[in-house]
Every structure is written in structure tokens, then in C-alpha cells.
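One letter stands for each residue in the lines below.
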Amino acid sequence: MRLDALRISLAVVLTVIAFSVHARICLVSVGVADYSRFPSKMTDLRLPPEDARTIVDLYSKNGSVDYSLLLDKKATKDRILRAIKKVFAMASEDDIAVFFFSGHGYPGGFCAYDGNLTYEEVRNAMAESKCRNKIMFVDACRSGGMRVDKSESRDDGKAAKDANVMLFLSSRNNESSIERSDMANGFFTTCLKNGLKGNADSNRDRAITAKELFDFVSEAVARLSRGKQHPVMWGNFSSDMVVMQW
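Here is what the cut-offs are and how they apply
- Residues numbered from 1 in each chain as written.
- Predicted model: local features only at pLDDT ≥ 70, side-chain atom pairs only at ≥ 80, totals over all residues.
- Heavy atoms only, no water.
- Helix = DSSP H or I, 4+ residues; strand = E, 2+ residues; numbered from the N terminus.
- Expected span 1.5 Å × (residues − 1).
- Buried < 20%, exposed > 50% of the residue type's maximum accessible area, 1.4 Å probe, protein only.
- Arc of directions from axis to C-beta.
- Salt bridge = Lys/Arg side-chain N within 4 Å of Asp/Glu carboxyl O.
- Phe/Tyr/Trp six-rings, centres within 6.5 Å; stacked < 30°, edge-to-face > 60°.
- Polar contact = N/O pair within 3.5 Å; in protein donor to acceptor, adjacent residues only side chain to side chain.
- Patch = residues over 30% accessible without salt bridge, like charges linked within 9 Å, V, L, I, M, F, W, Y side chains within 5 Å.
- Areas by Shrake-Rupley, 256 points an atom, 1.4 Å probe, with all protein chains shown as cover.
- Lys, Arg positive; Asp, Glu negative; His and termini not counted.
- Charge placed at Lys NZ, Arg CZ, Asp CG, Glu CD.

A.B. asks: What's the story with helix α3 (residues 77–88) in this structure? I'm lost.
C.D. replies: Three or four residues apart is the spacing at which side chains of an α-helix point the same way, because the helix has 3.6 residues per turn. For α3, with twelve residues, the first-to-last C-alpha span of 17 Å sits near the 16 Å given by 1.5 Å per residue. For α3, the full list of buried residues reads Ile80, Leu81, Ala83, Ile84, Val87 and Phe88. The arc that holds the buried residues of α3, viewed along the axis, is 160 degrees, so those residues lie on one side.

Right under this line is the structure:
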């Protein structure tokens, strides 16, 4: 009986140790609400800067994180790409590299403070990191259309395809990503935050996988939007890939 108790105690200790060892997070979080300097007429938003701050706060509470937070006029195309290359270069193979963007979007990419930033440009920058676990969270209208053209034959197109990035996008390519005046974050960021905080951990093992996160967030967003918004997830990754461990 004592031996069995010892084995059980040892198993519990080892489990606690296993879950206390966290991969370092390398995060670039971007929020653009001010589009007054955008080359073409674009309606200003309200919540993207708070969305970006929310993600930084969430990961900072989780454990070790190196991050760059770019809001409004600081979120230019050049600064975003330089931040991705600089911050993600800190990540080892086993760390997690996360790019978060909240703002206007279009089927091919993101609307930065000073103009369009293509999905391919961002993915190319992410491809330079040796980290194996790369994640892109995007809270932007029509973000589901962010795909590399399969006919693309240039070298940079190939680099983007080979970047091995998990993309979790807030809406289908014909949908808007909704924000509401009585909420602190947009619909997608609200549900993403709740999922990453632990609500998506369906088996309660303190490790949230890509599948668990998608199942929780997609259902929550569809319910919150009354069927008007549907997140999508795609990329070259395992459904058991750990996106957050507590």
C-alpha cells in the first residue's frame, strides 16, 4: 500500500513538473484603429488597440514572453515586418512564435497604418525563424481569404508556403469581423482570450491544442454573432499542436 501511494505521489509530482515547464513565447501584437493616414479612405475602428493589449497581457501572465506591441501610427508596414524578424529570431525550435493582428483586412492581407501589408510578406518574415511552432491570430474582416496563390512561382512565394504557420482567422473570406460598442474586445478576440485562458481545455490537462482552441472559439464566435461570423483555421500543423500551456 505504501509503495502504491509513493507511486501515485511521484506521478502527481512529475505531472506538476511537466506542466510547470513552459515554452518561451515570442509575440508580436498589432492593433490598428486609426486609418486617417491610410492611402485610400478607410473607416476608423475602436477596439483593435485594446485587442492587441489584451493578447500581450494574456501571454505575459502565462509565463516567459518577449514581445513587441505596435499600435496605430507605430504599426506601419515596415515596423511590423522588422518586429516580426527581430522578436521571432529570439525563439528556439521548441518555443512558440505568435503574430497577432487586429484591424481592417482584405482577402490578401492586413491593412497596416500606412497601407496594405500582404499575408505573403508577413509569412515570409515569419519563415526566417527556426521556431517550429508558429501561430498567426488575425481579427480582421475577410481574413479567411489569406491564402498564398498556388500558382505563385517566385522564390518569396515558395518561402511563404514553406513557413509552417498555423493560421487562426476571425472570419470567412466574405464575412466581417464584428466589434460592438459595449464590449472591451472584438468578437473573435473576446472568444480567443477566453479559450486561451483555459476554457478551451476540454480534457483539463492544462495544455490547449489547436483543435481544442478551434472547437471552442469557432462555436463561441458563431453563437455570439448569431451565425454572422465564422472563424477558420488552416496551415501545415498538427491538430494536437500545443498553442498554450498553463
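Still to come is the rest of the account.
A.B. asks: In this structure, what is going on with the pattern of salt bridges? I would like to understand it.
C.D. replies: In total, this model carries ten salt bridges according to the counting rule given. A salt bridge links Arg24 to Asp66; the nearest nitrogen and oxygen atoms lie 3.2 Å apart. Separated by 42 residues along the polypeptide, Arg24 in the loop between α1 (2–20) and β1 (25–31) and Asp66 in strand β2 (residues 65–71) bring together distant segments of the chain. The shortest N-O distance in the salt bridge between Asp95 and Arg24 comes to 3.6 Å. Remark: Arg24 occurs in the loop between α1 and β1 and Asp95 occurs in the loop between α3 and β3 (96–102); sequence separation between them is 71 residues. When its relative accessible area of 9% is taken as the criterion, Asp95 is described as buried.

A.B. asks: Can you help me understand the packing of aromatic side chains in this one?
C.D. replies: The relative placement of two aromatic rings is captured by the distance of their centres and the angle of their planes. In the structure shown here, the tally under the stated rule is seven aromatic pairs. Look at Tyr119 and Trp234: their rings are 6.1 Å apart centre to centre, the planes differ by 55 degrees, and that puts the pair in the tilted class. Of this pair, Tyr119 sits in helix α4 (residues 119–127) while Trp234 sits in strand β10 (residues 232–235), placing them 115 residues apart in sequence. Given the relative accessible area of 18%, Trp234 is considered buried. One aromatic cluster in this structure is built from Phe137, Phe168, Phe188 and Phe214.

A.B. asks: Where do I start with the environment of Ser218 in this structure?
C.D. replies: Following the sequence through the fold, Ser218 ends up in helix α7 (residues 210–224). Given the relative accessible area of 16%, Ser218 is considered buried. Distance from Ser218 to His230, taken between C-alpha atoms, is 6.2 Å for residues twelve residues apart in sequence. A polar contact is formed between the side chain of Ser218 and the backbone oxygen of Phe214, at a distance of 2.6 Å. A polar contact of 3.4 Å, which involves the side chain of Ser218, links it to the backbone oxygen of Asp215.

A.B. asks: Would you mind showing me how to read a positive patch on the surface here?
C.D. replies: On the surface, a cluster of positive charge is contributed by Arg37, Lys73, Lys74 and Arg79. Note that Lys74 resides in the loop between β2 and α3. In this structure Lys74 comes out as partly exposed when scored by relative accessible area, which is 47%.

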